Amino acid sequence: LQYLSAAGIGTIGILDGDTVDESNLQRQVLFTQADIDAPKAKTAALKLKAQNPNINFKVANTNVTTENILSLIEDFDIIVDCTDNFPTRYLINDACILKNKPLVFGAIHQFDGQVSVFNYQNGPSYRCLFPEVPNDTPNCSEAGVIGVLPGIIGTIQANEVIKIILEIGEILTGKLLSLNTLNYEFSIIEFHKTEATNITALGTYDSICETVQLNLPKNITAEKLAEILHSDTKINILDVREYFEWDICHIKGASNIPMNLIDECINEVSKDIPTVVVCHHGVRSMNVIHYLEVKGYDKLINLEGGIHAWATQVDTEMATY
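Keep in mind it's a predicted model, so treat the numbers as computed, not measured.

Q: Please set out the overall build of the protein residue by residue, giving values where relevant.
A: Summing up its helical and strand segments, the protein has eleven helices and twelve strands in all. Relative to its length of 321 residues, the protein is compact, with a C-alpha radius of gyration of 21 Å against a globular reference of 20 Å. Seen through its principal axes, the protein has C-alpha atoms that stretch 65 × 45 × 35 Å. Long-range contacts, defined as pairs at least 24 residues apart, comprise 69% of the intrachain contacts of the protein with a sequence gap of at least 6.

Written out as structure tokens, the structure reads:
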């Protein structure tokens, strides 16, 4: 909001039914202690108006629902999703498809963030990447997030909005940018338009805009994985790095399916045996887990810190890169 206001966007809509909580202040830096318990949308508009009085702000102190979302987004050319739960994301996505609105998407979790642009010039939608709503995953209030991450991801989203308006650069359509702030590992996953984009009406979205349990992957430390491997517990290890990375180093007993080949080799991934998914630092593995979960996999565990953590904490003689 701050960067789009500074850029001089003529009209900006702010939709948020929440009020400012003290726990928000470490990441929502537009607010101060004096704003606690005040409505977020109205408070944000007043502060932004002071920064740039030439902008027309339209404020809705409400949560989105299937009944109001189509009318709420009607007057806007670009929709920006900064929400923190999956049902709301699917609702916004479907509404944008019905209204033919480009959707600038951002998501954060602990130290990781993602950005993409959906439904741009009839391009892929959120459902092309994640067809179904996952279950039992914490939102950012429950899982926690490093305070600077929303600023980083929000700035990238603002950049995509400005690029769309000015028709410059390469828009992140059909691409999911992922960032790990612990090691600055960037990755871009390409995806294509599918029949999941064929939305003709809004559906049913459980727990819209409430604190919901969503299904981001469970994590395991390198030390804990080592303990399990030395026990009699049956567990698989799936390494989703590229083949050249696997050749540098890998965990004994693991199998290797590069991330971009997961769909072609999905039958090689067991649904019955718990599987620890490994990449270099833990970003690609999280994306693979999310993808597999919508395919019905529910026994997947992410290795925190990836193979790098294994090499530095467990097998210190392992090659690193």
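Q: So what's going on with the packing of helix α8 (residues 222-229) against helix α11 (residues 306-313)? Which residues, and what values?
A: It is at 9 Å that the axes of α8 and α11 come closest, and there the two elements cross at 75°. Between α8 and α11, the angle is such that the two are roughly perpendicular. Residue-level contacts link A222, E223, L225, A226 and L229 of α8 to A309, W310 and Q313 of α11. In terms of residue class, the contact of α8 with α11 is made up of six nonpolar, one polar and one charged.

Q: Quick rundown of the sheet that holds strand β11 (residues 275-278)? Include the residues and the values.
A: Strand order in this open sheet of five strands is β8-β12-β11-β9-β10, and the pairing throughout is parallel. What marks the edges here is a single partner per strand, and that holds for β8 (218-220) and β10 (255-256). Bridge count for strand β9 (residues 236-239) against β11 is four bridges, and the pairing is parallel. Across the sheet, residue I237 finds its bridge partner in β11, namely V276. The strands touched by α8 are β8, β9, β11 and β12 (300-303); relative to β8, the strand with the most contacts, the crossing angle is about 80°.

Q: Describe the side chain of N287, naming the residues involved and giving the relevant values.
A: Examined against the element boundaries, N287 turns out to sit in helix α10 (residues 283-293). Residue N287 is classed as buried on the basis of its relative accessible area, which comes to 8%. Among the polar contacts listed, one links the side chain of N287 to the side chain of S178, at a separation of 3.1 Å. In contact with N287, other than residues within four places in its own chain, are Q114, L176, S178 and I189.

Q: I'd love a proper account of the side chain of R27, names of residues and values included.
A: Along the chain, R27 turns up in the loop between β1 (11-15) and α2 (40-51). Buried within the structure, R27 lacks any salt-bridge partner; its nearest side chain of opposite charge belongs to D84, at an N-O separation of 6.0 Å. There is a polar contact of 3.2 Å between the side chain of R27 and the backbone oxygen of S23.

Q: Give a detailed account of the packing of aromatic side chains, specifying residues and quantitative values.
A: Throughout the structure, instances matching the rule amount to six aromatic pairs. Pairing F105 with Y126 gives two aromatic rings, centres 5.2 Å apart and planes at 45°, and the pair type is tilted. Placement of the pair is F105 in strand β4 (residues 103-109) and Y126 in helix α5 (residues 126-129), with a sequence separation of 21 residues. On the basis of relative accessible area, Y126 is assigned to the buried category, the value being 1%. Across from the ring centre of F76, 5.9 Å away, lies the NZ or CZ of K58, which sits over that ring.

Q: Please provide a residue-by-residue account of the environment of D247, values included.
A: Positionally, D247 belongs in helix α9 (residues 243-248). Separated by 210 residues in sequence, D247 and D37 have C-alpha atoms that sit 54 Å apart.

Q: Could you give me a rundown of the confidence of the model for the protein, with the residues and numbers involved?
A: On average, residues of the protein score 89 in pLDDT, and 93% of them reach the 70 mark or higher. Mean pLDDT across the secondary structure elements of the protein bottoms out at helix α6 (residues 140-143), with 52, and peaks at strand β3 (residues 79-81), with 98. Of the regions scoring below 50 in pLDDT, residues 208-217 engages in 44 contacts with residues more than four places distant in sequence or in other chains.

Criteria and cut-off values
Residues numbered from 1 in each chain as written. Predicted model: local features only at pLDDT ≥ 70, side-chain atom pairs only at ≥ 80, totals over all residues. Heavy atoms only, no water. Helix = DSSP H or I, 4+ residues; strand = E, 2+ residues; numbered from the N terminus. Rg over C-alpha atoms; globule rule 2.2 N^0.38 Å. Contact = heavy atoms within 4.5 Å. Axes fitted to C-alpha atoms, helices over the stretch in contact; angles between N-to-C directions. Parallel < 35°, antiparallel > 145°, perpendicular 65-115°, else oblique. Nonpolar A, V, L, I, M, F, W, Y, C, P; charged D, E, K, R; others polar. Pairing = 2+ DSSP bridges. Buried < 20%, exposed > 50% of the residue type's maximum accessible area, 1.4 Å probe, protein only. Polar contact = N/O pair within 3.5 Å; in protein donor to acceptor, adjacent residues only side chain to side chain. Lys, Arg positive; Asp, Glu negative; His and termini not counted. Salt bridge = Lys/Arg side-chain N within 4 Å of Asp/Glu carboxyl O. Phe/Tyr/Trp six-rings, centres within 6.5 Å; stacked < 30°, edge-to-face > 60°. Lys NZ or Arg CZ within 6 Å of the ring centre and 35° of its normal. pLDDT = per-residue confidence, 0-100.

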